[in-house]
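# Topology and contacts: notes
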Amino acid sequence: MQYRPEFCVWETTLACNLACRHCGSSAGKARAHELDIREALGLLAALADLGTREITFSGGELFVRPDWARLLARARELGLASLIVSNGLAVTRHVADELARQDVGSVSLSVDGDVRVHDWLRPLNSLVPSERSAPESSERASSHEQIHWAMQNLKLAGVTVSAITQVSKVNFADLPAIYDFLVAHGADAWQIQMTNPMGRSVRADGAPRVPVLEPEDLPSLYAFIRRVQDEGKIRCLAADCIGYYRYDEPLLRTVERPHDNFWQGCQAGLRVIGITSDGGVKGCLSMPDTYLEGNIRERPLSEIWNDENAFAYNRRFTVDSLTGGCSGCAFGKLCRAGCHSFAATAQNGDISRYDYCIRRLVPDTVAASK
C-alpha cells in the first residue's frame with residue numbers, strides 16, 4: 001500500500017523564548033546541530049515531492065529562528081499550505097503583516113489560563129531574547145499580556161487566529177475564563193487537548209510537575225467542550241486525544257458544517273509525519289523519541305517514509321493487538337486504540353489500549369439518530 005504524508009508538523013527549532021512548565025519537548029535551548037537553512041529548504045522540497053499538502057511550523061518557537069520568513073516563502077512556492085503554532089510572545093505587527101503576505105492559513109496561539117495561571121505555566125525564558133508582541137508601554141514581562149497583543153496584531157493583518165489550550169489539573173478550572181477571553185478577543189477557533197505527561201511536565205524522579213488529567217476527569221472535559229460547541233460563540237473542537245465514537249463524535253471533530261468528520265485512528269506514518277529540528281523523522285511529532293524512524297541526514301526522507309518496516313505500529317496493526325477496554329470493541333479496527341502519542345506517555349508506553357475513551361467513560365444516553 002502506498003502511503004502519503006499529507007500533513008507534516010515540523011519542529012523548526014527547539015529554541016524557545018518561554019520555558020513552559022508543561023512543555024512536552026522541554027523546549028528552551030536549541031538542539032545541537034539543528035537543520036541549517038540549506039537543509040531546511042531541502043526538507044520542504046522533499047516533503048512536496050512526497051505529496052505533502054499542509055505543513056504546521058512549530059517549535060520550540062518558530063519566530064526565534066532568524067530565517068523563519070524564508071521557510072514560509074519556500075513552502076508557499078512549493079504549494080504547501082502553511083499553518084503556525086506559536087506562544088504569541090513575538091508576534092509583532094511586522095511579523096503579522098509578513099504572515100499575511102505569505103498567505104499563512106492560521107496562527108494558533110497557546111492560551112492556558114487567566115493571567116495568573118498562564119504566566120505560571122508559561123514563564124519567560126531569559127536565555128532566549130526575542131521581540132515582544134506588545135508595545136513598550138505594556139506589561140512586557142507577562143506572557144499572557146503578549147497573547148492579547150498577538151491576537152490584535154494578527155487580526156489587524158487579516159490572519160486567522162486560533163487558540164490551543166493544554167488542559168491539566170492545574171488549569172482545568174480555568175477553562176470558562178479562557179473561553180470568555182477568547183470570545184472577547186475574537187479568536188476564530190479553539191482546540192482543546194490534554195497535557196502529555198512528558199518532557200518538562202514530569203520531574204526527573206518521574207513525579208508530575210504539572211499533574212495531568214485522569215480518565216475520571218474526561219466526562220467533565222467532554223461536557224465542557226460540547227457546551228462550548230452548542231453555544232456557538234467560537235468554533236471549538238477536541239484534539240485527537242479526546243473522543244471517540246459516541247453519537248456526537250462528528251461534532252467533537254469538526255469546526256465547519258456539515259459535521260461529517262469522525263475519528264479514523266491515529267494517522268502517524270499513514271497520512272501524518274513529524275520532523276524534529278535536527279532532522280529526526282516520526283509518524284507524529286508528539287510521540288516520544290523511541291518512535292524515531294530515522295534521520296534525513298542519514299537517509300533521504302523518501303527512503304525513510306517508504307521503508308516497509310517503518311511505522312509498524314500503524315502500518316502493521318491488527319485488531320488482535322488490542323488489549324483492555326479496546327479488546328473486542330466494535331470500532332477497534334478503525335480506532336486502533338485512540339491517540340498513540342498520548343497513550344505512549346500516559347500509559348507507560350502501552351498503545352494497545354486507550355483508558356481515556358469517551359465512549360466507555362460517557363456511555364450514550366440518547367439515540368444516535370437524534
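Higher on the page you've got the structure.
Residues numbered from 1 in each chain as written. Predicted model: local features only at pLDDT ≥ 70, side-chain atom pairs only at ≥ 80, totals over all residues. Heavy atoms only, no water.

Within this structure, the stated rule accounts for 21 salt bridges. When the shortest N-O distance is used, the salt bridge between Arg-271 and Glu-6 registers 2.9 Å. Of this pair, Arg-271 sits in the loop between helix H8 (249–253) and strand S8 (272–275) while Glu-6 is found in the segment before strand S1 (7–11), placing the two residues 265 residues apart along the sequence. What makes Arg-271 partly exposed here is its relative accessible area of 33%. By relative accessible area, Glu-6 is classed as buried at 12%. Notably, a salt bridge pairs Glu-249 with Arg-253, separated by 2.9 Å at the nearest N-O pair. You can see Glu-249 and its partner Arg-253 sitting in helix H8, 4 residues apart, about one turn around the helix. (Salt bridge = Lys/Arg side-chain N within 4 Å of Asp/Glu carboxyl O. Helix = DSSP H or I, 4+ residues; strand = E, 2+ residues; numbered from the N terminus. Buried < 20%, exposed > 50% of the residue type's maximum accessible area, 1.4 Å probe, protein only.)

Quick look at the sheet that holds S1 now. Across the sheet, which stays open at both edges, the 10 strands sit in the order S7-S6-S5-S4-S3-S2-S1-S8-S9-S10 with mixed pairing between neighbours. Since the sheet does not close on itself, it has two edges, and those belong to strand S7 (235–238) and strand S10 (294–295), each with one partner. One ladder, built from 4 bridges, connects strand S6 (residues 189–194) with S7; its direction is parallel. Bridge pairing links Trp-190 to Cys-236 in S7. (Pairing = 2+ DSSP bridges.)

On to the environment of Ala-30. In this fold, Ala-30 is placed in the loop between S1 and helix H1 (37–50). Taking the C-alpha atoms as reference points, Ala-30 and Thr-254, separated by 224 residues in sequence, lie 35 Å from one another. Residue contacts for Ala-30: discarding those within four places in its chain leaves Thr-13, Leu-14 and Ala-15. (Contact = heavy atoms within 4.5 Å.)

Our focus in this paragraph is the packing of helix H6 (residues 175–184) against helix H7 (residues 218–231). Two numbers describe how H6 lies on H7: the axes approach to 12 Å, and their chain directions differ by 25°. Viewed along their axes, H6 and H7 adopt a mutual orientation that is roughly parallel. Between H6 and H7 the crossing geometry is right-handed. Listed contacts from H7 to Leu-175, Pro-176 and Tyr-179 of H6 are Leu-221, Phe-224, Arg-227, Val-228 and Glu-231. For the contact of H6 with H7, the per-class residue count stands at 6 nonpolar, no polar and 2 charged. (Axes fitted to C-alpha atoms, helices over the stretch in contact; angles between N-to-C directions. Parallel < 35°, antiparallel > 145°, perpendicular 65-115°, else oblique. Left-handed = near helix turned anticlockwise from the far one by under 90°. Nonpolar A, V, L, I, M, F, W, Y, C, P; charged D, E, K, R; others polar.)

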